[in-house]
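In case you want the letters, here they are:
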Amino acid sequence: MASRDGSALKVLKFGGTSVGKDGALEKVAAIVVDSAKANTGIIVVASALSGVTDLLIEAADASAAGDAAALCGRLAQRHVDVANRVGGDRAAEILAQVNPLLEALEALLSVPEPATAERRDLIMSFGEMLSNTILSSLLTINGLSSELCDARSLIATDGTFGAAHVDYNTTRAALCQKFVPMPAKVQCVTGFIGRCLASNKTTTLGRGGGDLTASLIGALLKADAIEVWTDVDGVLTANPRIVSGARVIPTLSYEEAMEMSYFGAKVIYAPTMSPAMRAGVPLKIKNTFNPHAPGTVVRAKPGTAEFKIRAISSVDDITLVVLQGSDMVGAAGVAGRLFMVLANKVNVILISQASSEHSICLAVLPAHGPKAKQLIDTEFAREIETGVVDPVQLHVDLSIIAVVGSQMKQIPGLAGLVTTCLGDRGINIVAIAQGSSELNMSLVVPKSDGPAAVWHIHDAFFHGDTSDAGSVPAPVRNVHVFVASDDGKGWTDAVNVREKECRERNARVKVVGVWSSAGLKVPHEDIVSQGAEQQNELLPGMRVRIASTPELTGADFESLGRHSPTSDSSEEKCARDEEDGRKFFSAILYHARGAAASRARTVLVDANRDSRCLSFYKPLLDAGVTILAVPSVQTSLHLAQSFSRYLLHPRFIWTPSCGFAPSTCAALLALRSSEEDEAVSITLKAAADDLMVPLRALLGSAAGEGPAPQIAFERDEGMRPDTYSIGITTHMEQTTLTARVSGQPTIPQLLRKLLAHV
């Protein structure tokens, strides 16, 4: 699209974090300069510096008591410091524009008047005026002609101070008069503020008002694009504070973006979408601090999604209002009366109703719960008195999890996948709601389970291969690895480096727990559900509930190293090792029992230098855990006979790090079943002496309860240095095995072997 005179037009909106951090304004200026090179018209809308709006509100309240001087001084110093920093030797030019505004603010705050909504709006307007004044001056210093534009001359509103409603017709006329034709100078427009048509007084547009200003300007002038610059790379598939592996969504529809905004996504606000959606102007979400990242584009037709759902968002704290009664079934007008009594008084976030009309659930903000109960109880007082309906119940400490995606309706059974994912993890769904469009599936869960619910749904849906629209992707193998080794970091690094290789094998591998000589890192130390703990059946006395499976990072291994020095062999260290071991295997067991929810395979990599893990093999294998045993050279000889009971188990993988072929060890272990009085003779051949000692030890450890085998050693210089042969003779048969020593397997080799088995 283009503005009315046919020239290209782009609207750039910068949030508070984009203009408030050290060095941020300089980045904003560079982005504007680059954009101006490619576009005829540039309109910049900047928010107040981060934290300034809150300070202004605090100053307005303090002003009522005549005590705003200190806060006013802090505000002034903040902006003077920024002007000096960005302006350098030309800071005086910026301060010449900033100081009059600071003086006007000081004069306003010095008058002790009540902090009415009207007065607050006027005081808050200084935040945007100051930041845009500094930005406009900085652009001029950088050689880009620009001018400040007070939005009060453009955005016309009603008199609802604090959250004013825009008069679109008057605003459109003012915008066209100002920007058609588009001025040559870059326009720095103050976001968030407007002017009341009736009183000509300053108003503010409420939460997200700066974004709304940019959207209004872009939509009414029919801009080519509206870019919202923030401090993240785009709209993510989940809250990154809950899901560290959340992905950037390349494209979204307006409706999907509005659903996400409504249910907690803070990057974009629902009111911002409406003007752009009506005008068909695309919104782009970009990162000020990573401007070359592609970001997220919000438009009418976003294209085929890579995954079955677009994203998961959440409202962290809600109250469920429940109206129910046996005589409500089939009764006409109950729902109508319920919604009428709450209209314009209580904001309802979610509605869930049983088909029998026996109960109606409404989700509201906690602050609105008591008011909603009072209004409904009053409206239905007669029915409550006669027992037709029950008194309203309030269920508190709940969260809403919203699963969003325009393609969800094309995938049979998706709702079942979501509910099964949570049910298998022990997360109770209190209520559920889904519209006929199937754009959004909302679930109410206990607040304590909210983060875990988001994490598990994301893990189940965003770690699979891509698929054609309308089809269900083939099940992906999610492989969650617990490592008992001093090289847990090596495993994590190998997994990260070979992520593409894992995906080609239709697998996603991640290290989620490590037990080493330096300490312990398992999921329940990171995120623990506040729900009832479960008794550990494997290790009595240990109580743990695994609420999620965060992936370990390099920082985790640094914290491991701070537990204790590895050389410590004190009783305290031994006790700590024993306690860590109990926690480690408890975590594996409970993780395995819930792994079906995300089709995950749980794996133990046992690369310890001792036998500490052996006693747990059987219960872990019984629980569905795959075990990759990689004992050290010395340990593998000692443990060979202990491994014999697991060699044929389908989930047991033995890779002796001493390099002797498993077939060799298996054959030698057959000696354990020889008759007590059976004589056995063994002939060992190798080219190198350095193979004799470990093979002798291996043979000795494999000997049964009968007479000691007769062992003969023969050096065969014609054999390869890495080749050996073992001849075993009993009274019934003679067997000769020839194999090569493979050497110490690397972690990447072990990873490939693991992928081949799980």
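Residues numbered from 1 in each chain as written. Predicted model: local features only at pLDDT ≥ 70, side-chain atom pairs only at ≥ 80, totals over all residues. Heavy atoms only, no water.

Quick notes on helix 2 (residues 24-38)
For the record, the criterion: Under the DSSP-based scheme used, a helix requires at least four consecutive residues in state H or I and a strand at least two consecutive residues in state E, with every element numbered from the N terminus. Expected helix span is computed as 1.5 Å times (number of residues minus one). Accessibility here uses a 1.4 Å probe with only protein chains present; expressed as a share of the type maximum, an area under 20% marks a residue as buried, one over 50% as exposed, and anything in between as partly exposed. Arc, as used here, means the arc of the directions from the helix axis to the C-beta atoms.
Given a rise of 1.5 Å per residue, 15 residues ought to cover 21 Å, and the 22 Å separating the end C-alpha atoms of helix 2 matches this to within 8%. Along helix 2, the positions that sit buried rather than exposed are Ala-24, Leu-25, Val-28, Ala-29, Ile-31, Val-32 and Ser-35. Down the axis of helix 2, the buried set is contained in an arc of 165°. They therefore lie on one face.

Some details on the pattern of salt bridges
Stated formally: Whenever a carboxyl oxygen of Asp or Glu lies within 4 Å of a side-chain nitrogen of Lys or Arg, that contact is scored as a salt bridge.
All chains considered together, the criterion is met by 16 salt bridges. One salt bridge connects Arg-90 with Glu-93, and the closest N-O pair in it is separated by 2.8 Å. The partly exposed category is assigned to Arg-90, whose relative accessible area is 34%. The exposure class assigned to Glu-93 is partly exposed, which follows from its relative accessible area of 39%.

Comments concerning the side chain of Asp-377
Heads up, the condition is: When checking whether two residues touch, look at their non-hydrogen atoms; a contact exists if any pair is within 4.5 Å.
Considering the arrangement of structural elements, one finds Asp-377 in helix 12 (residues 369-379). For Asp-377, the contacting residues outside a window of four places in its chain are Ile-384, Pro-391 and Val-392.

Concerning the packing of aromatic side chains
What counts is decided by this rule: Any pair of Phe, Tyr and Trp rings, taking the six-membered ring for Trp, is counted once the centres come within 6.5 Å. Such a pair is stacked with planes under 30 degrees apart, edge-to-face with planes over 60 apart, and tilted for the rest.
Per the counting criterion, the structure on display carries 5 aromatic pairs. Considering the side-chain rings of Trp-515 and Phe-585, the 5.8 Å spacing of their centres and the 85° angle between planes classify their relative orientation as edge-to-face. Here Phe-585 lies in helix 19 (residues 571-593) and Trp-515 lies in strand 19 (residues 507-516), a separation of 70 residues in the sequence. Measuring from ring centre to ring centre gives 5.2 Å for Phe-584 and Phe-585, while their planes differ by 75°; the resulting arrangement is edge-to-face. Here the two residues Phe-584 and Phe-585 agree in accessibility, since each one is buried. These aromatic residues form a ring-pair network of at least three members: Phe-482, Trp-515, Phe-584 and Phe-585.

Some remarks on the sheet that holds strand 6 (residues 193-196)
Under the convention used in this document: One bridge is not enough; two strands pair if DSSP finds at least two bridges between them.
Pairing is mixed across the open sheet formed by 3 strands, whose spatial order is 4-6-7. Whereas interior strands pair on both sides, the edge strands pair on one side only; in this sheet they are strand 4 (156-157) and strand 7 (202-204). In this structure, strand 4 lies alongside strand 6, joined through 2 bridges in parallel fashion. Bridged to Ala-156 within strand 6 is Arg-195.

Let's talk about unusual backbone geometry
The step from Val-180 to Pro-181 runs through a cis peptide bond, and the omega angle for that step is 0°. Along the chain, Pro-181 falls in the loop between helix 7 (168-179) and strand 5 (186-190). The residue Phe-192 is not glycine, and still its phi comes out positive at about 80°. Residue Phe-192 is classed as buried on the basis of its relative accessible area, which comes to 11%. Phi is positive for Asn-344, which is not a glycine, with a value near 65°. On the secondary structure map, Asn-344 appears in the loop between helix 11 (334-342) and strand 13 (350-353).

Side note on the sheet that holds strand 16 (residues 431-434)
Note on sheets: strands pair through backbone hydrogen bonds, and any given pair is parallel or antiparallel. We count it as follows: For helices, the axis comes from a line fit to the C-alpha atoms of the stretch in contact; other axes are also lines fit to C-alpha atoms, and the angle between any two N-to-C directions lies between 0 and 180 degrees.
The sheet built from 6 strands is open, its strands ordered 13-14-12-15-17-16 with antiparallel pairing. Of all the strands in the sheet, just strand 13 and strand 16 have a single pairing partner and so form its edges. Adjacent strand axes in the sheet meet at a mean angle of 30°, parallel and antiparallel pairs treated alike. As defined by bridge partners, strand 12 (residues 311-324) adjoins strand 15 (residues 393-404) across 9 bridges and the pair is classed as antiparallel. Following the sheet pairing, Ile-318 is matched in strand 15 by Leu-398. Of the strands in this sheet, strand 12, strand 15 and strand 17 (440-446) are in contact with helix 15 (residues 450-461), which crosses strand 15 at around 20°.

Some remarks on the pairing of strand 5
When you tally the buried positions in strand 5, you get 5 out of 5 residues, the bulk of the element. Two strands pair when backbone bridges link them, and strand 2 (residues 41-46) and strand 5 are joined in this way by 4 bridges, in the parallel orientation. When the bridges of strand 5 are listed, Ile-43 appears paired with Gln-187. The sheet contact formed by strand 3 (residues 146-149) and strand 5 spans 4 bridges and is parallel. Within the sheet, the bridge partner assigned to Ser-146 lies in strand 5 and is Val-186.

Looking at the packing of helix 4 (residues 69-87) against helix 6 (residues 117-141)
Keep this limit in mind: Relative orientations are named as follows: roughly parallel for angles under 35 degrees, roughly antiparallel for angles over 145 degrees, roughly perpendicular for angles from 65 to 115 degrees, and oblique for any other angle. Amino acid classes used here: Ala, Val, Leu, Ile, Met, Phe, Trp, Tyr, Cys and Pro are nonpolar; Asp, Glu, Lys and Arg are charged; the rest, including Gly, are polar.
Across the interface, helix 4 lies against helix 6 with an axial gap of 11 Å and an inter-helix angle of 10°. Taken together, the axis directions place helix 4 and helix 6 in an arrangement best described as roughly parallel. Residues His-79, Val-82, Val-86 and Gly-87 of helix 4 lie in contact with helix 6, whose contacting residues are Leu-130, Ile-134, Leu-138 and Ile-141. Looking at side-chain class alone, the contact of helix 4 with helix 6 contains 6 nonpolar, 2 polar and no charged residues.

Quick word on the environment of Thr-17
Here Thr-17 lies in helix 1 (residues 16-20). Overall, the relative accessible area of 27% leaves Thr-17 in the partly exposed class. For the pair formed by Thr-17 and Trp-229, sequence separation is 212 residues and the distance between their alpha carbons is 9.3 Å. When residues no more than four places from it in sequence are discounted, the contact partners of Thr-17 are Ala-24, Ser-50, Thr-230, Asp-231 and Phe-289.

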